[in-house]
Amino acid sequence: MRMEPCYEPIIGRYCNLETAGIEHRIYVEEAGEGIPLVCLHTAGADNRQCRHVLCDEEITNTYRVIAFDAPWHGKSNPPVGWQNDDYQLTSDGYKELVQSFCSALDLDQPVLMGCSMGGRIVLHLALAAPDDYRAVIALEGADRLQPYYDTSWLNRPDVHGGMVSAGFVSGQIAPESPSEYRWETLWGYMQSGPGIFKGDLYFYWQDGDFDDRSGKIDTERCPVYLLSGEYDNSCTPERAQATAERIKGSKLTVMEGLGHFPMSENPALFREHLLPVLEEIALGSE
Amino acid sequence: MDGLQAVVNEDASLQHWGRCVSLEFLLGVGNTDYLIRIEEGNVTGVRLRSLPIESGVFTIRAAADVWAEHWRPVPKRDYHDLFSMLSAGLAQLDGDITPLMQNLIYFKELIAAPRTIVEGAEV
């Protein structure tokens, strides 16, 4: 007897997009209808981290959730000629990517929600283009960070890049996060392309600091929500708190029992923090 | 540390993660140094360092109370992971850490293995 396939509500497809004069083939997933909610994955990962948000009916009843793989990540190819350069993400390049993506999809004042490096870039965008976004949600995002390991370990011939990347970030997951999701999150890191995590960390740890300007973000024009996991030793609750104090009017939640990957390491616990934020944004949009 | 050898060697998954590891490393617990010998992922010996000239390929060192917290079933933040301990200044690494990096998940799981022996581990 044939079993009926049990499809999830996510629709995935590719779009071709030019940003900074370079053609990209971008993989995009989306589900739901309503206010556009663009989700950005962490460094060295891809949009699979957002699958639980995409499948959450309480969210997709109000929001059109859209999650794309950044170029070089997941199912988005690197650009033609990639073999000739080292990948390195910059603040300007990342901002332009997100802006180009939202413009190409003709999104009307989307909400941006990013995690880690995604959480940093949404803060940059709240400063650069506050009227383009309904609100930004920075998960594990801060305006100033401190590197705590040497990224040269991430891309060298005598160390498996995927395994060492997963090994590094395993400590960013809270001890009580479900084993299934802990290992799924690490699997994503094991699949990252060579040097991609390292190239992302250039933005995350070096080029992306902007604590000298973050205080200029106007939260009246673009509300800012900061959600920080207790066990995140990169964007620690203290660094998120310092960011919140600089961005007047921002709202900070420290999520107990969560780490650096709230949406993928413990989706059930994360949604308890996310749903009230999305509800508040939706009410403000009426 | 008495139970480390047994708990690792009863864990087939952990041994698989360490199947390419054969070396001796030093684990410093306060003022006590343990030399831990590994052969293809199995712990084949845990012994006290008896001579100053004895060393491992690399050393992981932390205070006894830091390890005690690390080995609790649900450690506090900063104590829950080797690299969290390092970034918080609670642990130190020395020596040739290349084999550690080549097998990072294995070594993290190995040094956390006492968690499964007893809550609030005695060291």
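Everything below is about the structure shown above.
Procedures and definitions
Residues numbered from 1 in each chain as written. Chains lettered and ligands numbered in written order. Predicted model: local features only at pLDDT ≥ 70, side-chain atom pairs only at ≥ 80, totals over all residues. Contact = placed C-beta atoms within 7 Å. Nonpolar A, V, L, I, M, F, W, Y, C, P; charged D, E, K, R; others polar. Axes fitted to C-alpha atoms, helices over the stretch in contact; angles between N-to-C directions. Helix = DSSP H or I, 4+ residues; strand = E, 2+ residues; numbered from the N terminus. Core = buried A, V, L, I, M, F, W, Y, C linked by C-beta atoms within 7 Å. Buried ≥ 20, exposed ≤ 12 C-beta atoms within 10 Å, placed from the backbone. Pairing = 2+ DSSP bridges. Parallel < 35°, antiparallel > 145°, perpendicular 65-115°, else oblique. Left-handed = near helix turned anticlockwise from the far one by under 90°.

Participant: Help me understand the interface of chain A and chain B in this model?
Facilitator: Often the size quoted for an interface is simply the accessible area lost on bringing the parts together. Each partner contributes residues to the interface: chain A has 17 residues there, and chain B has 18 residues. Looking at the side of chain A that touches chain B, its residues break down into ten nonpolar, four polar and three charged.

Participant: Which parts of the structure should I look at to understand the packing of helix α5 (residues 161–170) of chain A against helix α6 (residues 104–112) of chain B?
Facilitator: When two helices pack together, you describe them by how their axes are tilted relative to each other and by the distance separating the axes. Where α5(A) contacts α6(B), the axes come no closer than 8 Å and their chain directions differ by 35 degrees. Residues M163(A), V164(A), A166(A), G167(A), F168(A) and S170(A) of α5(A) form the contact with α6(B), whose own contacting residues are L104(B), I105(B) and K108(B). Considering only residue class, the contact of α5(A) with α6(B) consists of six nonpolar, two polar and one charged.

Participant: Can you help me understand the nonpolar core in this one?
Facilitator: Nonpolar side chains in soluble globular proteins generally cluster together in the buried interior. Residues and elements named next belong to chain A. Grouped together as the largest cluster of nonpolar side chains are 111 residues, with contacts concentrated most on C39, V65, A126, V136, I137 and V224. Ranked by residues supplied to this core, first place goes to helix α4 (residues 117–128) with seven residues. Setting aside residues no more than four positions away along its own chain, V224 makes contact with L123, A126, V136, A138, I217, T219, I247 and S250.

Participant: What exactly am I supposed to notice about the sheet that holds strand β8 (residues 251–255) of chain A here?
Facilitator: All names here are of chain A. Taken together, the eight strands give an open sheet; going across it, the order is β1-β2-β4-β3-β5-β6-β7-β8, and neighbouring strands pair in mixed fashion. Only two strands of the sheet have a single partner each, and these edge strands are β1 (11–19) and β8. Mean inter-strand twist for the sheet, computed between neighbouring axes without regard to direction, equals 20 degrees. Of the strand pairs in this sheet, strand β3 (residues 35–40) and strand β4 (residues 63–68) are connected by five bridges, and their pairing is parallel. Of the residues in β4, the one forming a bridge with L37 is V65. α4 contacts β3, β5 (111–115), β6 (135–139) and β7 (224–229) of the sheet and is inclined by roughly 150 degrees relative to β6.

Participant: How do you make sense of the packing of α5(A) against helix α6 (residues 179–190) of chain A when you look at a structure like this?
Facilitator: Residue and element names in this part refer to chain A. Between α5 and α6, the shortest axis-to-axis distance is 7 Å and the interhelical angle comes to 140 degrees. If you check the angle between α5 and α6, you find them oblique. When the axes of α5 and α6 are compared, the crossing they make is right-handed. Along its contact with α5, which presents G162, M163, S165, A166, V169 and S170, the element α6 presents L186, Y189 and M190. Of the residues contributing to the contact of α5 with α6, the split by class is six nonpolar, three polar and no charged.

Purely spatial values, then, with no claim about function.
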